[in-house]
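The chain contents come next:
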Amino acid sequence: MADFFTHFSCVLDVGTVENAAKALDLYNEFMDELAAEDPPSDGFRLSVEPEYGGTKLWMRDEVTGDPHQVVEFVLRCARAFRLRGRWGFQWANSCSRPRIGAFSGGAHLLDLGRRKTISWMTTDRWLAIALDGGNPDTGGQGDDLA
């Protein structure tokens, strides 16, 4: 039997030490919500990193994690702390044994000020579009899209 994993490690700067402390409370509330889901999400781990001035949140998987939950949490932080600019991260999907289609990854880019996704992609979708003759850089559409 194979075990499947999603790995990531990323940092979000919330601006102040006070915001970082409040972010820990937001995280605990968020994890309580995830625990109530059926089935529960894999979630992610979070800590404040003092060696970076105490304003940066380190988000990562422990054994496996859920990138979607990272995006949702970062958007909550963006709202709570009025964050601006772009933020993004990437993840890798792996497997404990060789399995067809078990290895991939992805990336997600957010506009923190607008609290919206700018773009996201997964490598398996990108490859499927390319193998089908489409242009994976335009979501499968032709090269004439702007």
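**Focus on the sheet that holds strand S1 (residues 4-7)**
- Spatially, the 4 strands line up as an open sheet ordered S1-S5-S6-S7, and their pairing is antiparallel. Each end of this open sheet is capped by a strand with a single partner; those strands are S1 and strand S7 (116-122). Here the strands of the sheet are splayed against their neighbours by 15° on average, with no regard to which way each runs.
- Inspection of the sheet shows strand S5 (residues 86-95) paired to strand S6 (residues 104-111) by 8 bridges, in the antiparallel sense. Within S6, the residue paired with Trp87 across the bridge is Leu110.
- In this fold helix H2 (residues 67-81) packs onto S1, S5, S6 and S7, with an angle of close to 165° to the strand it touches most, S5.
- Along the sheet face, helix H3 (residues 123-131) touches S6 and S7 and points at about 65° away from the line of S7.

**Examining the packing of aromatic side chains**
- On inspection of all chains with the given rule, the structure shows 8 aromatic pairs.
- Taking the centre distance of 6.0 Å and the plane angle of 80° together, the rings of Phe8 and Phe89 count as edge-to-face. Residue Phe8 is located in the loop between S1 and strand S2 (9-13), and its partner Phe89 is located in strand S5; the two are separated by 81 residues in the primary sequence.
- Ring centres 5.7 Å apart and planes at 55° place the aromatic pair Phe44 and Phe73 in the tilted group. With a gap of 29 residues between them, Phe44 in the loop between helix H1 (17-35) and strand S3 (45-48) and Phe73 in helix H2 connect regions that are remote in the sequence.
- The structure contains a cluster of three or more aromatic residues connected by ring pairs, namely Phe8, Trp87, Phe89 and Trp91.
- One Lys or Arg, Arg60, reaches over the ring of Trp58 and ends 3.9 Å from the middle of that ring.

**Here's the deal with H2**
- Compared with an ideal rise of 1.5 Å per residue, which puts 15 residues at 21 Å, H2 spans 21 Å between its outermost C-alpha atoms and is within 8% of the ideal.
- The complete set of buried residues in H2 reads Pro67, Gln69, Val70, Val71, Phe73, Val74, Leu75, Cys77, Ala78 and Phe81.
- Where H2 begins, the capping side chain belongs to Asp66, and its oxygen is found 3.0 Å from the backbone nitrogen of His68.
- A positive phi of about 50° marks Arg82, the residue just after H2.

**Considerations on the confidence of the model for the protein chain**
- When pLDDT is averaged along the protein chain, the result is 91, and 95% of the positions lie at 70 or above.
- Across residues 141-146, where pLDDT falls below 50, the model places 3 contacts with residues more than four positions away in sequence or in other chains.

Analysis parameters
Residues numbered from 1 in each chain as written. Predicted model: local features only at pLDDT ≥ 70, side-chain atom pairs only at ≥ 80, totals over all residues. Heavy atoms only, no water. Pairing = 2+ DSSP bridges. Helix = DSSP H or I, 4+ residues; strand = E, 2+ residues; numbered from the N terminus. Axes fitted to C-alpha atoms, helices over the stretch in contact; angles between N-to-C directions. Contact = heavy atoms within 4.5 Å. Phe/Tyr/Trp six-rings, centres within 6.5 Å; stacked < 30°, edge-to-face > 60°. Lys NZ or Arg CZ within 6 Å of the ring centre and 35° of its normal. Expected span 1.5 Å × (residues − 1). Buried < 20%, exposed > 50% of the residue type's maximum accessible area, 1.4 Å probe, protein only. Polar contact = N/O pair within 3.5 Å; in protein donor to acceptor, adjacent residues only side chain to side chain. pLDDT = per-residue confidence, 0-100.

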